[in-house]
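So you can see what is in the structure, the chains are spelled out below.
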Amino acid sequence: MKFRLFNHEPSIGYCQVEEDVYEEREIPAFIGIQLIYEKTLDDRDKIKKIQDYCVFNGIWHISDLVYFENEEDRIQFILTWS
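Note that the coordinates shown come from a computational prediction; the quantities given were computed from them, not determined experimentally. (Residues numbered from 1 in each chain as written. Predicted model: local features only at pLDDT ≥ 70, side-chain atom pairs only at ≥ 80, totals over all residues. Heavy atoms only, no water.)

**Observations regarding the overall build of the protein chain**
Piece 1. Looking only at helices and strands, one finds 2 helices and 6 strands in the protein chain.
Piece 2. In sequence order, the protein chain lays out its α and β elements as β-β-β-β-α-β-β-α.
Piece 3. What you see for the protein chain is a C-alpha radius of gyration of 16 Å, clearly larger than the 12 Å of a compact globule of 82 residues, by over 25%.
Piece 4. Along the three orthogonal principal directions, the C-alpha set of the protein chain runs to about 50 × 25 × 20 Å.
Piece 5. For the protein chain, restricting intrachain contacts to residue pairs at least 6 apart in sequence, the fraction spanning at least 24 positions comes to 57%. (Helix = DSSP H or I, 4+ residues; strand = E, 2+ residues; numbered from the N terminus. Rg over C-alpha atoms; globule rule 2.2 N^0.38 Å. Contact = heavy atoms within 4.5 Å.)

The following block contains the structure:
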């Protein structure tokens, strides 16, 4: 399994507050990892373990994307799962 690191700088986004009314809001910076894996049984088992790890440690994840609040958490994740 491989990881692709990504960083997104803060930006401005528009959120709908009522029908046809949008409000400008700041989208905070975030860092994350994309999991790159093959669809083998071994990798599927590892993905399940990673999802359990994320839930246990309060780390937000969606599908193959894992988001972190700080760089230290991301480094710890990489050290744990490499």
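**Concerning unusual backbone geometry**
Piece 1. Notably, D20 is not glycine yet its phi reads approximately 65°, a positive angle.
Piece 2. Checked against the element boundaries, D20 lands in the loop between β2 (11-18) and β3 (21-27).
Piece 3. Residue classification places D20 among the exposed positions, given a relative accessible area of 66%.
Piece 4. Even without glycine at this site, S63 takes up a positive phi of about 55°. (Buried < 20%, exposed > 50% of the residue type's maximum accessible area, 1.4 Å probe, protein only.)

**Overview of the packing of aromatic side chains**
Piece 1. Under the definition given, this model contains 8 aromatic pairs.
Piece 2. Ring plane angle 80° and centroid distance 5.8 Å describe the contact between F6 and Y67, whose orientation is recorded as edge-to-face. Here F6, found in strand β1 (residues 2-8), pairs with Y67, found in strand β6 (residues 65-68); they are 61 residues apart in sequence, far enough to count as distant. For the pair F6 and Y67, a shared accessibility class is recorded, and that class is buried.
Piece 3. Each residue in the set F3, Y53, F68, F77 and W81 is aromatic and connected to the rest through ring pairs, giving one cluster. (Phe/Tyr/Trp six-rings, centres within 6.5 Å; stacked < 30°, edge-to-face > 60°.)

**Regarding the pairing of β2**
Piece 1. In the sheet, β2 pairs with β3 via 7 bridges, with the strands oriented antiparallel. Along β3, the bridge assignment pairs C15 with E23.
Piece 2. Hairpin connection from β2 to β3: 2 residues lie between these consecutive antiparallel strands, with D20 at a positive phi of about 65°. (Pairing = 2+ DSSP bridges.)

**Examining the packing of helix α1 (residues 41-57) against helix α2 (residues 71-81)**
Piece 1. Relative to each other, α1 and α2 sit at 145°, their axes nearing to 12 Å. For the pair α1 and α2, the crossing hand works out as right-handed. Contacts between α1 and α2 involve K46, K49, I50, Y53 and C54 on the former and, on the latter, Q76, F77, T80 and W81.
Piece 2. Residues that form the contact of α1 with α2 fall into these classes: 5 nonpolar, 2 polar and 2 charged. (Axes fitted to C-alpha atoms, helices over the stretch in contact; angles between N-to-C directions. Left-handed = near helix turned anticlockwise from the far one by under 90°. Nonpolar A, V, L, I, M, F, W, Y, C, P; charged D, E, K, R; others polar.)

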